[in-house]
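Listed here are the chains, written in short residue letters.
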Amino acid sequence: MSIFAVLFALSALFPVHVLSRDLDPRVPVEIFVMSKCPDAAACETAFPVLELLAISNVTVDYIAKYNAFTCMHGDSECTGNMQQLCARHVAQQNEQAWWRFVLGQDATQKAIPTNGKDCAEQSGLDYAQIARCLADGTGERLLKESIGRAASVRVCCTIRVSL
């Protein structure tokens, strides 16, 4: 069954609202993970994000403790979280490249964050820009904001779809 058929079937059960042309008509999909959690890799690989990017606005936020960036799988996970956020920041509208970066890190998850450069090259992103984002404090700011958005989430991988 195609995603369009699923969304059409769901529209029979839920109210449908016409969005203003000024608003993004894509379906918001929020994914909450920890970059080094095995559940994140399984979830991000199984969920068909690349196929859904045209009709959905996918965001990923990271589950961690805000104080001094405490990540369940250690400091390397916090760095991996920031790498993925910086990859999104660098990719801007090239969501396909950003998601390929995330999937690349998932494929060699135990190597996060040392796999960042290879994943950037494989996804067509400039790692020098990602490294600059990490070094200039942007990555830290993005992670703080992300942790704030994920504050109520306790389980990796949580997916929230807003219809």
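This text gives an overview of the structure that appears in the document. Computed from a predicted model, the values in this text were never measured in an experiment. (Residues numbered from 1 in each chain as written. Predicted model: local features only at pLDDT ≥ 70, side-chain atom pairs only at ≥ 80, totals over all residues. Heavy atoms only, no water.)

It is worth spelling out the state of the cysteines at this point. Applying the stated rule across the entire model yields three disulfides. One disulfide bridge connects Cys43 with Cys157, the sulfur atoms lying 2.0 Å from each other. Taken together, the positions of Cys43 in helix H2 (residues 38-46) and Cys157 in the loop between helix H8 (138-149) and strand S3 (158-161) put the pair 114 residues apart, joining distant regions of the chain. Side by side, Cys43 and Cys157 carry an identical accessibility label, which is buried. Between the sulfur atoms of Cys86 and its disulfide partner Cys133 the distance amounts to 2.1 Å. Its torsion about the S-S bond being -75°, the disulfide of Cys86 and Cys133 is classed as left-handed. Remark: Cys133 occurs in helix H7 (residues 127-135) and Cys86 occurs in helix H4 (residues 75-91); sequence separation between them is 47 residues. (Disulfide = S-S within 2.5 Å. Helix = DSSP H or I, 4+ residues; strand = E, 2+ residues; numbered from the N terminus. Buried < 20%, exposed > 50% of the residue type's maximum accessible area, 1.4 Å probe, protein only.)

Strands sit in the order S2-S1-S3 across an open sheet of three strands; the sheet is mixed. Unpaired on one side and paired on the other, strand S2 (56-62) and S3 mark the two borders of the sheet. Neighbour-to-neighbour, the strand axes of this sheet turn through a mean angle of 15°, independent of strand direction. Relative to S3, strand S1 (residues 27-33) runs antiparallel, the two sharing four bridges. Bridging across to S3, Glu30 finds its partner in Arg160. Across the sheet, H8 touches S1 and S2, and the angle it forms with S2 is around 100°. (Pairing = 2+ DSSP bridges. Axes fitted to C-alpha atoms, helices over the stretch in contact; angles between N-to-C directions. Contact = heavy atoms within 4.5 Å.)

Inspection of the entire model under this criterion finds six salt bridges. Of the charged contacts in the structure, one is a salt bridge between Arg26 and Glu95, with a shortest N-O distance of 3.2 Å. Of the two residues, Arg26 sits in the loop between helix H1 (3-13) and S1 while Glu95 sits in helix H5 (residues 95-107), which places them 69 residues apart along the sequence. With relative accessibility at 23%, the residue Arg26 sits in the partly exposed group. Of the charged contacts in the structure, one is a salt bridge between Glu145 and Arg141, with a shortest N-O distance of 3.1 Å. With a gap of four residues between them, Glu145 and Arg141 both fall in helix H8, about one helical turn apart. Residue Glu145 is classed as partly exposed on the basis of its relative accessible area of 35%. On the accessibility criterion, Arg141 (40% relative accessible area) is partly exposed. Here the salt bridges do not stand alone but share partners, grouping Arg26, Arg88 and Glu95 into one network. (Salt bridge = Lys/Arg side-chain N within 4 Å of Asp/Glu carboxyl O.)

Another aspect to go through is the packing of aromatic side chains. Under the defined criterion, the tally for this structure stands at one aromatic pair. Pairing Trp98 with Trp99 gives two aromatic rings, centres 5.2 Å apart and planes at 65°, and the pair type is edge-to-face. With respect to burial, Trp98 and Trp99 carry one shared label: buried. Positioned above the aromatic ring of Trp98, the side-chain terminus of Arg88 is 4.0 Å from the ring centre. (Phe/Tyr/Trp six-rings, centres within 6.5 Å; stacked < 30°, edge-to-face > 60°. Lys NZ or Arg CZ within 6 Å of the ring centre and 35° of its normal.)

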